[in-house]
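Spelled out, the chains give:
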Amino acid sequence: MVCARAALGPGALWAAACGVLLLTAPAGAQRGRKKVVHVLEGESGSVVVQTAPGQVVSHRGGTIVLPCRYHYEAAAHDHDGVRLKWTKVVDPLAFADVFVALGPQHRAFGSYRGRAELQGDGPGDASLVLRNVTLQDYGRYECEVTNELEDDTGMVKLDLEGVVFPYHPRGGRYKLTFTEAQRACAEQDGILASAEQLHAAWRDGLDWCNAGWLRDGSVQYPVSQPREPCGGLGGAGSAGTGGGTASGGVRNYGYRHNAEERYDAFCFTSNLPGRVFFLKPLRPVPFSGAARACAARGAAVAKVGQLFAAWKLQAAGPLHTAGWLADGSARYPIVNPRARCGGRRPGVRSLGFPDATRRLFGVYCYRAPGAPDPAPGGWGWGWAGGGGWAGGARDPAA
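Residues numbered from 1 in each chain as written. Predicted model: local features only at pLDDT ≥ 70, side-chain atom pairs only at ≥ 80, totals over all residues. Heavy atoms only, no water.

### A short note on the overall build of the chain
No. 1: Scanning the chain for helices and strands turns up five helices and 28 strands.
No. 2: Scored against the burial criterion, the 398 residues of the chain give a buried share of 48%.
No. 3: The long-range fraction of contacts in the chain, counting pairs at least 24 apart against all pairs at least 6 apart in sequence, stands at 61%.
No. 4: When the accessible surface of the chain is summed, it comes to about 19,000 Å², and 53% of that surface belongs to carbon and sulfur atoms. (Helix = DSSP H or I, 4+ residues; strand = E, 2+ residues; numbered from the N terminus. Buried < 20%, exposed > 50% of the residue type's maximum accessible area, 1.4 Å probe, protein only. Contact = heavy atoms within 4.5 Å. Areas by Shrake-Rupley, 256 points an atom, 1.4 Å probe, with all protein chains shown as cover.)

So, in structure tokens, the structure goes:
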């Protein structure tokens, strides 16, 4: 459920901070680290909400606690009369309902059903436990505590460990509207990246000269090595340190018309629940044979986002061999770069979208969790995610 919410008036602003509280989340969710919670007290002092500043970090498939505690004059009110509500900020003035609790009555909404519940660590704990975290869970959440006519709110940001990757379809560059960019990322096991995620990727070395959509509707691109053919040597429009003149920056086109203008996309993906592996046939296969090859191993042709996640988060090993992916492109991951193998920097190299009838490559496959792992046969080397590169027996009879 998505509803519009008016901006808060001056009377709802919090007063000065009155103290600092050390809040420790469960070890499984926060690895036992302490978070500093700034306690803000309203003018009446009857309802006070406390949340952790900064952000909490998880990954796809993980469990996380969004911390929130409240305090009010217990002598005047009963905890069972307090309503706790969690919403997700989807636009500056639009919120999606996540979870509501009033006394013993609890309800989760939409995709959060079966995954969200209160931590319930004693009176005053409104922290939300979120299980099986998805890519779509990324973003800002508001914790609201209401007691009769008094209420207070706090904000928590949920970040995800993952990787940003640029993407354009077979049709060429600058072919995607904003909606088409959202769909393209989803088809490749990702979501549109946020501006914060793109900036973090730039700081990690991402260098890409083609502008792409981000989830807020802006169009930007990161430049780690400034040069004239790629937005010049910096200056206006760069979000990097020092204006971008010495160390590049994130070039920003601002917010564009999302239904008429066309660009590429910057997608974001996180931890893989399954594993990616490479199949090298005795003879290279055309694209039409890639799906059959993976299906024979209980898998499907890997998506672009799945290959990036395997490269970044599972350190897909040293085999520098191109393979088909589900969108018809051919790519290969590099962890230990060499001058004769795609340059001197790690990454996922792309050979574009070759003629699908040409017998050029092996194929990268993705096997979902719990899928059977048939005995190897008829194929050469294959990567088993998380375990490095492992050889498969060649069986001429298979």
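Having put the structure on the table, let's press on.
### Regarding the sheet that holds strand S12 (residues 128–130)
No. 1: Taken together, the three strands give an open sheet; going across it, the order is S6-S12-S11, and neighbouring strands pair in antiparallel fashion. Pairing within the sheet leaves two strands with one partner each, and these edge strands are strand S6 (64–66) and strand S11 (116–118). The sheet shows a mean angle of 30° between the axes of neighbouring strands, direction not considered.
No. 2: Across three bridges, the pairing between S6 and S12 is antiparallel. In the sheet register, Val65 faces S12, and the bridge partner there is Val129. (Pairing = 2+ DSSP bridges. Axes fitted to C-alpha atoms, helices over the stretch in contact; angles between N-to-C directions.)

### Thoughts on the nonpolar core
No. 1: With 90 residues, the main nonpolar core has Leu66, Trp86, Phe99 and Val363 as its most contacted residues.
No. 2: The element that contributes the greatest number of residues to this core is helix H5 (residues 304–313), accounting for six residues.
No. 3: If near-sequence neighbours (up to four positions away) are discounted, Phe99 is found in contact with Leu84, Lys85, Trp86, His106, Arg107, Ala108, Phe109, Ala116, Glu117, Leu118 and Leu128. (Core = buried A, V, L, I, M, F, W, Y, C linked by side-chain atoms within 4.5 Å.)

### Overview of the state of the cysteines
No. 1: Considering all chains together, one arrives at four disulfides under this definition.
No. 2: Across the disulfide from Cys209 sits Cys230; the S-S distance is 1.9 Å. In this structure the cystine formed by Cys209 and Cys230 twists about its S-S bond by roughly -125°; its chirality is therefore left-handed. One end of the pair, Cys209, is in the loop between helix H3 (195–203) and strand S17 (212–213); the other, Cys230, is in the loop between strand S18 (218–223) and strand S19 (249–255), and 21 residues separate them in sequence.
No. 3: Among the residues examined, Cys209 registers a relative accessible area of 29% and is labelled partly exposed.
No. 4: For Cys230, a relative accessible area of 2% corresponds to the buried category.
No. 5: Cys294 shares a disulfide with Cys365; S-S distance 2.0 Å. One quick way to see it: the torsion about the S-S bond of Cys294 and Cys365 is about -80°, and its sign makes the bridge left-handed. (Disulfide = S-S within 2.5 Å.)

### Quick notes on the pattern of salt bridges
Where charged atoms from two side chains of opposite charge approach closely, those side chains can pair.
No. 1: Summed over the entire model, instances satisfying the criterion amount to twelve salt bridges.
No. 2: Ionic pairing is found between Asp264 and Arg173, a salt bridge with its closest N-O pair at 3.3 Å. Residue Asp264 is found in strand S20 (residues 264–270), and its partner Arg173 is found in the loop between strand S15 (162–167) and helix H2 (178–187); the two are separated by 91 residues along the sequence.
No. 3: With relative accessibility at 36%, the residue Arg173 sits in the partly exposed group.
No. 4: The salt bridge partner of Arg331 is Asp327, with a shortest N-O separation of 3.9 Å.
No. 5: Judged by its relative accessible area of 15%, Asp327 falls in the buried class. (Salt bridge = Lys/Arg side-chain N within 4 Å of Asp/Glu carboxyl O.)

### Examining the packing of aromatic side chains
The description of an aromatic ring pair rests on the distance of the ring centres and on the angle between the ring planes.
No. 1: Throughout the structure, instances matching the rule amount to eleven aromatic pairs.
No. 2: Relative to Tyr253, the ring of Tyr221 lies with its centre 5.9 Å away and its plane at 80°, an arrangement referred to as edge-to-face. Placement of the pair is Tyr221 in strand S18 and Tyr253 in strand S19, with a sequence separation of 32 residues.
No. 3: Taking relative accessible area as the criterion, Tyr221 reaches 5% and is therefore assigned buried.
No. 4: The partly exposed category is assigned to Tyr253, whose relative accessible area is 37%.
No. 5: Grouped by ring-pair contacts, the aromatic residues Tyr174, Phe178, Trp213, Tyr221, Tyr253 and Tyr263 constitute a single cluster. (Phe/Tyr/Trp six-rings, centres within 6.5 Å; stacked < 30°, edge-to-face > 60°.)

### Thoughts on the pairing of strand S7 (residues 68–72)
No. 1: The alternating pattern of S7 places Cys68, Tyr70 and Tyr72 on a buried face and Arg69 and His71 on a face that is not buried.
No. 2: The pairing of strand S4 (residues 47–51) with S7 spans five bridges and is antiparallel. The residue bridging Val49 from the neighbouring strand is Tyr70, located in S7.

### Considerations on the environment of Leu160
No. 1: Looking at the element boundaries, Leu160 is found in strand S14 (residues 150–160).
No. 2: It is 9.6 Å that separates the C-alpha atoms of Leu160 and Phe268, two residues lying 108 residues apart in sequence.
No. 3: Filtering out sequence-adjacent residues up to four positions away, Leu160 remains in contact with Ser58, His59, Val133, Thr134, Leu135, Tyr138, Phe268 and Ser270.

### Looking at the environment of Leu282
No. 1: Positionally, Leu282 belongs in the loop between strand S21 (275–279) and helix H4 (287–295).
No. 2: In this structure Leu282 comes out as exposed when scored by relative accessible area, which is 52%.
No. 3: Each C-alpha atom of the pair Leu282 and Gly362 lies 9.2 Å from the other, and the pair is 80 residues apart in sequence.

### Side note on unusual backbone geometry
No. 1: Even without being a glycine, Tyr174 presents a positive backbone phi close to 55°.
No. 2: Residues other than glycine seldom take positive phi values, yet Asp189 does so here, at roughly 65°.
No. 3: Checked against the element boundaries, Asp189 lands in the loop between H2 and strand S16 (191–192).

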